[in-house]
Amino acid sequence: MVTAVKLPRMQSDDAQLLKACRQGDESAWESLIKRYQKLIYAIPRRAGLNDDEAADVFQEVFATLFTKLDSIEEPNRLHAWLVTTARRKTWRVICKAKNFEQFSGEDEDEERPDELSNIPDQAVLPDQALIELEEQHEIRTAVAALDDRCRKLIEFLFYRSTPPTYAEIAQELGVPEGSIGPTRARCLSKVLRLLEKP
């Protein structure tokens, strides 16, 4: 059983986005896809599927969401619904590739814990890896909500394989080099506040 990461702020935002999607707001739909695209795509990739298979899973997850917009009973649990749907669709691709029995005609939302737990270890997305992906997703969402200066600074410092020097960052942002350290501390504090926000 996966231990769900607590995402209270995002749950509230998800419920609002889902409500707007139900009212036909295209920008809300785009925001929802943008919010979850990396997480949903990462689930099949981490389970060993190739790029094309992962893209198919991603498309199927959101196509399913679109057809079930009005039937999702707990909008504040949309995050969990998307992750579960992505895992199930990933599982079906793995089963198909390994010539496992298909479960055609069954309700996608019906629980099948026995089958889900029988996926070979080398093929499944381990629960700990899923938790880490969800935590990364929450952090990316918080960073995206920062003001432009903080977001760029965080991206310079933590999103590059080789972080630039403070001098390079200062030149890029047009600020004194001595201000990078204090600004970094303030920006990280903002991220923490966003992550803790109820």
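Above: the structure in question.
Rules used in this analysis
- Residues numbered from 1 in each chain as written.
- Predicted model: local features only at pLDDT ≥ 70, side-chain atom pairs only at ≥ 80, totals over all residues.
- Heavy atoms only, no water.
- Helix = DSSP H or I, 4+ residues; strand = E, 2+ residues; numbered from the N terminus.
- Contact = heavy atoms within 4.5 Å.
- Areas by Shrake-Rupley, 256 points an atom, 1.4 Å probe, with all protein chains shown as cover.
- 1 Å grid on protein atoms, 1.4 Å probe; cavity = no way out; pocket = protein on both sides within 12 Å on 5 of 7 lines; lining within 4 Å.
- Points joined across faces, edges and corners; volume = space filled by probe spheres on them.
- Nonpolar A, V, L, I, M, F, W, Y, C, P; charged D, E, K, R; others polar.
- Disulfide = S-S within 2.5 Å.
- Buried < 20%, exposed > 50% of the residue type's maximum accessible area, 1.4 Å probe, protein only.
- Phe/Tyr/Trp six-rings, centres within 6.5 Å; stacked < 30°, edge-to-face > 60°.
- Expected span 1.5 Å × (residues − 1).
- Bend = angle between axes of the 7 residues up to and from the residue.
- Core = buried A, V, L, I, M, F, W, Y, C linked by side-chain atoms within 4.5 Å.

J.: Account for the overall build of the protein chain, with residues named and values stated.
T.: Of the regular secondary structure elements, the protein chain holds nine helices and zero strands. Listing the helices and strands of the protein chain from first to last along the sequence gives α-α-α-α-α-α-α-α-α. Intrachain contacts of the protein chain at a sequence separation of at least 6 include 64% that bridge at least 24 residues. Summing over all exposed atoms, the protein chain offers an accessible surface of approximately 11800 Å²; the carbon and sulfur share of this is 49%.

J.: Outline the layout of surface pockets, listing residues and values.
T.: Approximately 380 Å³ is the volume found for the second largest pocket. Contributing to the lining of the second largest pocket are 13 residues, with Lys34, Arg35, Arg140, Thr141 and Ala144 lying nearest its centre. Within the residue set of the lining of the second largest pocket, elements represented by two or more residues are α2 (26-46) and α6 (127-144). Residue composition of the lining of the second largest pocket, by class: four nonpolar, four polar and five charged.

J.: Lay out the state of the cysteines in plain terms, naming residues and giving numbers.
T.: The final tally for this structure, using the stated rule, is one disulfide. Across the disulfide, Cys150 is cross-linked to Cys187 (sulfur-sulfur distance 2.0 Å). Measuring handedness by torsion sign, the sulfur bridge of Cys150 and Cys187 sits at about -80 degrees and is left-handed. Linking Cys150 in helix α7 (residues 148-158) with Cys187 in helix α9 (residues 180-196), this pair joins segments that are 37 residues apart in sequence. As far as the burial class goes, Cys150 and Cys187 line up, both buried.

J.: Please provide a residue-by-residue account of the side chain of Thr183, values included.
T.: In this fold, Thr183 is placed in helix α9. Overall, the relative accessible area of 7% leaves Thr183 in the buried class. Sequence-distant contacts of Thr183, defined by excluding residues within four places in its chain, comprise Arg149 and Leu153.

J.: With reference to specific residues and values, describe the packing of aromatic side chains.
T.: Applying the stated criterion to the full structure yields three aromatic pairs. Measuring from centroid to centroid gives 6.3 Å for Trp29 and Phe62, while their planes differ by 90 degrees, and the two rings are edge-to-face. One end of the pair, Trp29, is in helix α2; the other, Phe62, is in helix α3 (residues 51-67), with 33 residues separating them in the sequence. Neither Trp29 nor Phe62 differs from the other in exposure class; each is buried. Aromatic side chains Phe58 and Phe62 sit 5.0 Å apart centroid to centroid with 55 degrees between the ring planes, which places their arrangement in the tilted category. Highlighted residues: Phe58 and Phe62, both in helix α3, separated by four residues, approximately one helical turn. Grouped by ring-pair contacts, the aromatic residues Trp29, Phe58, Phe62 and Phe66 constitute a single cluster.

J.: Please give an account of the environment of Lys34 that cites residues and values.
T.: Tracing the backbone through its elements, the reader meets Lys34 in helix α2. When the C-alpha positions of Lys34 and Thr141 are compared, they lie 9.8 Å apart, and in sequence the two are 107 residues distant.

J.: Any details on α2? Residues and values, ideally.
T.: Between the first and last C-alpha of α2 there are 30 Å, a value that for 21 residues agrees with the 30 Å anticipated at 1.5 Å per step. When the local axis directions of α2 are compared, the greatest deviation, roughly 50 degrees, occurs at Tyr36. Of the residues trailing α2, Gly48 is marked for its positive phi of about 105 degrees.

J.: Go over the nonpolar core, please, and point to the residues and values.
T.: One finds Leu32, Ile40, Phe62, Leu65, Leu78 and Leu82 to be the most contacted residues of the largest nonpolar core, which totals 28 residues. If you list the elements that add at least two residues to this core, you get α1 (8-22), α2, α3 and α4 (78-97). Here this core gets eight residues from one element, more than from any other, and that element is α2. Residues in contact with Leu32, not counting those within four places in the same chain, are Asp14, Leu17, Cys21, Phe62, Leu65 and Leu78.

J.: Requested: an account of the environment of Gln136, with residues and values cited.
T.: With respect to the element layout, Gln136 can be found in helix α6. Given the relative accessible area of 39%, Gln136 is considered partly exposed. Gln136 sits 97 residues away from Leu39 along the chain, and the two C-alpha atoms are 8.4 Å apart.

From the geometry alone we can't say anything about function, so treat these as descriptive.
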